[in-house]
Structures are given as structure tokens and as C-alpha cells.
Amino acid sequence: MRELQLNTPRLLIGALQAQDCELFCELFTDKRTMQFIGEPLSPARACANFQAALRRNAQQPLRQVFCKMVEKTSDRAIGLCSIQRIDRNRRTCEIGLMLTPHRHRCGFGRETVVALVDAAFRVFPIGEISVQYGADNAAVERLFIGTGFRPGAHEGADEAGARMRLLSAYRHSWSPPGNAHQLGVHACQM
């Protein structure tokens, strides 16, 4: 697989590697991190999901890319992000991200979202990128609307009955406040 490598002013974003299992499991088993996503996973289930993510990163044609975010100044992994459900026929995909709790409200979410959207539009033949989130998660809603996403007509429920919302960004109108070049997004390779 040609790897996704993004370089922003404060982050290096790259495809998950075998050594990233601890970070993945830490986030997916943490109750606070999972509060708006779903029930925390058991350690065994998180490990199995990590192995599945590695396999998906290697599949061709690429339908999902799972990455870690590394803060440049500390050289520490601070979260995970993904481009998922890449559907070349419908020309759509979905993005997502999870930050370690001590990196919330530091602007890393915004930096990551802009980098992911810019990369997805440059690399994949898609016209729409969506994000789905819990309707009670006002912080995520502010993040995505603040980066140029717009509300869709969809509000429903997930498998567990939680209210969900959907926002989208479109290739023809993508123009986040402070474009990707101003944020210093560089070196997308795929």
C-alpha cells in the first residue's frame, strides 16, 4: 500500500503500524474517550479491531485508512483518525478522529480535519465527505461546522438507539476557514 503521510504545522499523520496497538486499545477502551461514540470495548475486542484496521489499511482497492496523529514537539502519539467507507461508485467517504483526553481543546482536531479533508479530495475520486456524531456532542459539531462542514438532512439513530447527526463537506464548495495551505498541510502521498 502507498501510505498516507500528512505533515501539518504541529502534526505528523501516518497509517497505523503494528506498534500502535497500545494507543488504539487505550482510546477504544477508555470510557471518557468513548462517551459520545459508543460503549468502551474490552481489551480483547479492541486488540481484534486493531488487527482488522491493519488488514484494512493493506487492502486494495483502498476503502479505509486508519492513521495515528503524532505531535511534532513531543514526538508523542495523541490520537487516531481515519478516512473510511470510501465508496468510489457513490463518490463518498466518511472521516473520523479521536484524541487522547489531554489533547482536547488544543486545536489538534481542527488541524487534523482540514488535513484529512484536503487529502481525501486530492487522493480519492469523491465529491462528498461526511462525518457522523452523537447529537449530544456539541464540541464535535462546533469543530466540524467551524472547518467548513454543513448540516445534512440526516438525523437518525445508531444500532444502540443513540441519536446521531450527519454533516458533509463537498468538493465543489470545500473552503475551510484558513485553507489547508495556510495551515501548512504538506506531502500527501497515497
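Refer to the structure presented above.
The structure contained in this document is the topic of the report that follows. In this text, all values refer to a predicted model and were calculated from it rather than measured experimentally.

1. With respect to the pairing of strand β6 (residues 128-134)
So, point 1. Most of β6 is tucked away, with five of its seven residues classed as buried.
So, point 2. Sheet topology note: the strand β5 (residues 92-99)/β6 ladder contains three bridges and is parallel. Paired with Glu-94 across the bridge in β6 is Ser-130.
So, point 3. By the bridge criterion, seven bridges tie β6 to strand β8 (residues 163-170) in an arrangement that is antiparallel. Looking across to β8, one finds that Gly-134 is bridged to Met-164.

2. Here's the deal with the state of the cysteines
So, point 1. Applying the stated rule across the entire model yields zero disulfides.
So, point 2. A disulfide-free cysteine, Cys-21 has its sulfur positioned 3.8 Å from the sulfur of Cys-25, the nearest such atom.
So, point 3. Owing to a relative accessible area of 18%, Cys-21 belongs among the buried residues under this scheme.
So, point 4. Here Cys-81 stays unpaired: no disulfide links it, and the sulfur of Cys-67, its closest cysteine neighbor, is 4.8 Å away.
So, point 5. We classify Cys-81 as buried; its relative accessible area is 3%.

3. Observations concerning the pattern of salt bridges
So, point 1. All chains considered together, the criterion is met by five salt bridges.
So, point 2. For Arg-10, the salt bridge is made with Glu-111, and the minimal N-O distance between the two is 2.9 Å. Here Arg-10 is found in the loop between β1 (5-7) and β2 (11-15), whereas its partner Glu-111 is found in helix α4 (residues 108-123), with 101 residues between them in sequence.
So, point 3. Where Glu-141 meets Arg-165, a salt bridge forms, and the shortest distance between an N and an O atom there is 3.2 Å. Residue Glu-141 is located in helix α5 (residues 138-146), and its partner Arg-165 is located in strand β8; the two are separated by 24 residues in the primary sequence.

4. Focus on the packing of aromatic side chains
Any two aromatic rings considered together are summarised by their centre-to-centre distance and by the angle between their planes.
So, point 1. In the structure shown here, the tally under the stated rule is five aromatic pairs.
So, point 2. Measuring from centroid to centroid gives 6.1 Å for Phe-149 and Trp-174, while their planes differ by 75°, and the two rings are edge-to-face. Of the two residues, Phe-149 is situated in the loop between α5 and β7 (150-157) and Trp-174 in the loop between β8 and α6 (180-183); the sequence distance between them amounts to 25 residues.
So, point 3. Among the aromatic residues, those joined into a ring-pair cluster are Phe-121, Phe-144, Phe-149 and Trp-174.

5. Observations concerning the nonpolar core
So, point 1. Grouped together as the largest cluster of nonpolar side chains are 33 residues, with contacts concentrated most on Ile-13, Ile-83, Ile-95, Val-117, Phe-124, Ile-129 and Phe-149.
So, point 2. Residue contributions to this core peak at eight residues, all from α4.
So, point 3. Counting 14 residues, the second-largest nonpolar core is a separate cluster that includes Phe-24, Cys-25, Ala-46 and Phe-66.

6. A look at the environment of Arg-88
So, point 1. Looking at the secondary structure, you find Arg-88 in the loop between β4 (76-87) and β5.
So, point 2. Under the relative-accessibility criterion, Arg-88 is labelled partly exposed at 35%.
So, point 3. Along the chain, Arg-88 and Arg-63 lie 25 residues apart, while their C-alpha atoms are 8.7 Å from each other.
So, point 4. In terms of polar contacts, Arg-88 uses its side chain to reach the backbone carbonyl oxygen of Leu-62, at 2.7 Å.

7. Focus: the pairing of strand β3 (residues 65-71)
So, point 1. With seven of seven residues buried, β3 is to be regarded as a mostly interior element.
So, point 2. The alternating pattern of β3 places Val-65, Cys-67, Met-69 and Glu-71 and Phe-66, Lys-68 and Val-70 on opposite faces, both of which are buried.
So, point 3. As paired strands, β3 and β4 are joined by seven bridges and run antiparallel to one another. Bridge assignment links Val-65 to a residue of β4, and that residue is Ile-83.
So, point 4. Hairpin connection between β3 and β4: a loop of four residues separates the two successive antiparallel strands, and Asp-75 in this loop has a positive phi of roughly 55°.

Reading the values: the criteria
- Residues numbered from 1 in each chain as written.
- Predicted model: local features only at pLDDT ≥ 70, side-chain atom pairs only at ≥ 80, totals over all residues.
- Heavy atoms only, no water.
- Buried < 20%, exposed > 50% of the residue type's maximum accessible area, 1.4 Å probe, protein only.
- Helix = DSSP H or I, 4+ residues; strand = E, 2+ residues; numbered from the N terminus.
- Pairing = 2+ DSSP bridges.
- Disulfide = S-S within 2.5 Å.
- Salt bridge = Lys/Arg side-chain N within 4 Å of Asp/Glu carboxyl O.
- Phe/Tyr/Trp six-rings, centres within 6.5 Å; stacked < 30°, edge-to-face > 60°.
- Core = buried A, V, L, I, M, F, W, Y, C linked by side-chain atoms within 4.5 Å.
- Polar contact = N/O pair within 3.5 Å; in protein donor to acceptor, adjacent residues only side chain to side chain.

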